[in-house]
Amino acid sequence: MNKGQMKWWQLSLLGIGCTIGTGFFLGSSIAIQSGGNAVLIAFLLAAIGTYIVYDALAKLSVNDPDKGSFRSYAKKAFGRWAGFSNGWIYCLSEVLIMGSQLIALGIFTQFWFPELPLWMLAAIYGGLGLLVLLAGMQGFEKIENGFGIVKLAAILIFIFVSIILLIRGLNGNSSGTMPYLMDGQHFFTQGITGIWQALLYAVYAFGGIEVMGLVVIDLKDPRTAPKAGKVMLILLTVIYLISIALVLALVPWTMVNPDESPFITALELYQLPLIIDLFTGILIVAGFSTMVAALYAVITLVTSLAEDKDAPAILAKQGKFKVPVPAFLFTAAVLFFSIIIALLLPEKIFEYITTAAGLMLIYNWLFILAAFTKLENTSSWEKGKVLLGALLIVITVAGTTMQQTSRLGFYVSLLFLAIIGTVAKVNDKRNRSTI
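Because the structure is predicted, anything quoted here is derived from the model rather than measured.

Caption draft 1: Quick look at the overall build of the chain. Looking only at helices and strands, one finds 17 helices and zero strands in the chain. At 21 Å, the chain has a C-alpha radius of gyration in line with the 22 Å of a compact globule built from 435 residues. Seen along its three principal axes, the alpha-carbon backbone of the chain occupies a region of about 80 × 55 × 45 Å. Scored against the burial criterion, the 435 residues of the chain give a buried share of 57%. Contacts in the chain between residues far apart in sequence, at least 24 positions, make up 82% of those at least 6 positions apart. By element, 69% of the accessible surface of the chain is carried by carbon and sulfur atoms, the whole surface being about 18,100 Å². Side-chain charges in the chain split into 28 positive and 23 negative, and the spacing between the mean points of these groups amounts to 11 Å.

Below, the structure written as structure tokens:
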């Protein structure tokens, strides 16, 4: 698709492709383990917070289209240090998360090809993701739109199959296993604390809206950006809540394995091997899709940083290809470096780092809300929305202090912030002295 020709519904579909990933298909099992049946409340709160952040980003993009998106708005709102910090925090977090995604893709694929080494599978998926980037915006959009349709179809298939299983169970025709309908008396078995802990993983399931902000500039009518996000998030919220509710209706939440997709856990009980194979494939598609979206975001932001002299200027150098070759090579290098880190570091340490990386993405959401308040003439209603969104983000981050892994990840994220913030300040001071 040519630049400036994207329609609003295509942005919605692109957003679905970038958002539905392993954070939902796999990470929701951790949310269920934390919150029990009341995990549905966590997902609803996460949806509200996500909408507020996207709405702010979309309005900023409409009034000031900029390919640097949230990084550029942070710079315009708070100065060069903010743009530098925002851009590099996002890039670092995405690179670290990509390493874990590629390892996860390798593990999923070993379900079918157990003889293939993990490093080879991760490298293959990384290489394929980079090939998609070489196709430029048109190729990226088509791939993500296609993946979005596949992932939506998978969730709808799960909903359809689950409803049939429930009906069979209610009629007494199930294959020896009665469905476990949610018990209203035990909805809050994990209490408010459980919902609080589940909130972080529910928010992860909506991660990816930042990429939509980066492609708003390609809309035929940028004013339709808020509409695109609203439609996408309403659709995602509805199917997320329905599908998770059906998981909880098919199996007790205590049977959900945090290391396995809750959808596979629910279906395994009913002995449906073909459907389980299908969902294994969908997990691969979901992980690859969000990894490609992260690659696109990284190369776009690295180019924007280089153009602003917040990264080596050569990274923004354009050539005959549809992407800047130096930025592409830099992204490829850090991608494969992230795979090496993921393979070499002890599992627990890498888990702390990826948790920190996920938190750093959420910190960027706070930056978006702050920049929106600073740059736009907001009404009292909009200020109230921003305050609610910021409160939900702060509550989500605070909930990480309740578990050892997420607590240590929180401390690591603060360390990353301190390092990048210090470099940003030094860089800002140096640039001022040369003026």
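Caption draft 2: Looking closely at the side chain of S93. Within the secondary structure layout, S93 lies in helix α6 (residues 80–109). Exposure remark for S93: the relative accessible area of 0% places this residue in the buried category. Discounting chain neighbours no more than four positions away, the residues touching S93 are A357, M360 and L361.

Caption draft 3: How the structure looks around the pattern of salt bridges. Scanning the entire structure with this criterion turns up nine salt bridges. K75 is the salt-bridge partner of D308, the closest N and O atoms lying 3.1 Å from each other. Pair noted here: D308 is in the loop between α13 (273–307) and α14 (325–344) and K75 is in helix α5 (residues 69–78), with a separation of 233 residues, a long-range link. For D308, a relative accessible area of 23% corresponds to the partly exposed category. K75 sits in the partly exposed class, given a relative accessible area of 27%. For the salt bridge of R223 with D221, the shortest nitrogen-to-oxygen distance reads 3.0 Å. One network of salt bridges, in which partners are shared, links R71, K75, R80, D308 and D310.

Caption draft 4: Broad picture of the nonpolar core. By size, the foremost hydrophobic cluster in this structure holds 146 residues, and its most contacted members are L11, I20, F24, F25, F43, F158 and Y240. It is α13 that contributes the most residues to this core, 21 residues altogether. Once residues within four sequence positions are removed from consideration, I20 is found in contact with F25, K151, L152, I155, L236, I239, Y240, A286 and T290.

Caption draft 5: Representation of α5 in the model. Burial runs high along α5: seven of the 10 residues are buried. Turning to α5, its buried residues number three or more, namely S69, F70, R71, S72, Y73, A74 and A77. One or two steps after α5, the chain reaches G79, where phi turns positive at roughly 110 degrees.

Caption draft 6: Geometry of a nonpolar patch on the surface. On the surface, W119, M120, I124, L128, L131, L134, I340, L343 and L344 cluster together to form a nonpolar patch covering roughly 840 Å² of accessible area. Contributions of two or more residues to the nonpolar patch are made by α7 (118–134) and α14. A total of six residues in the nonpolar patch trace back to one element, the largest contributor, which is α7. Within the fold, I340 resides in helix α14. A residue is classified by how much of its surface remains accessible, and I340, at 44% relative accessible area, is partly exposed.

The rules behind each value
Residues numbered from 1 in each chain as written. Predicted model: local features only at pLDDT ≥ 70, side-chain atom pairs only at ≥ 80, totals over all residues. Heavy atoms only, no water. Helix = DSSP H or I, 4+ residues; strand = E, 2+ residues; numbered from the N terminus. Rg over C-alpha atoms; globule rule 2.2 N^0.38 Å. Buried < 20%, exposed > 50% of the residue type's maximum accessible area, 1.4 Å probe, protein only. Contact = heavy atoms within 4.5 Å. Areas by Shrake-Rupley, 256 points an atom, 1.4 Å probe, with all protein chains shown as cover. Lys, Arg positive; Asp, Glu negative; His and termini not counted. Charge placed at Lys NZ, Arg CZ, Asp CG, Glu CD. Salt bridge = Lys/Arg side-chain N within 4 Å of Asp/Glu carboxyl O. Core = buried A, V, L, I, M, F, W, Y, C linked by side-chain atoms within 4.5 Å. Patch = residues over 30% accessible without salt bridge, like charges linked within 9 Å, V, L, I, M, F, W, Y side chains within 5 Å.

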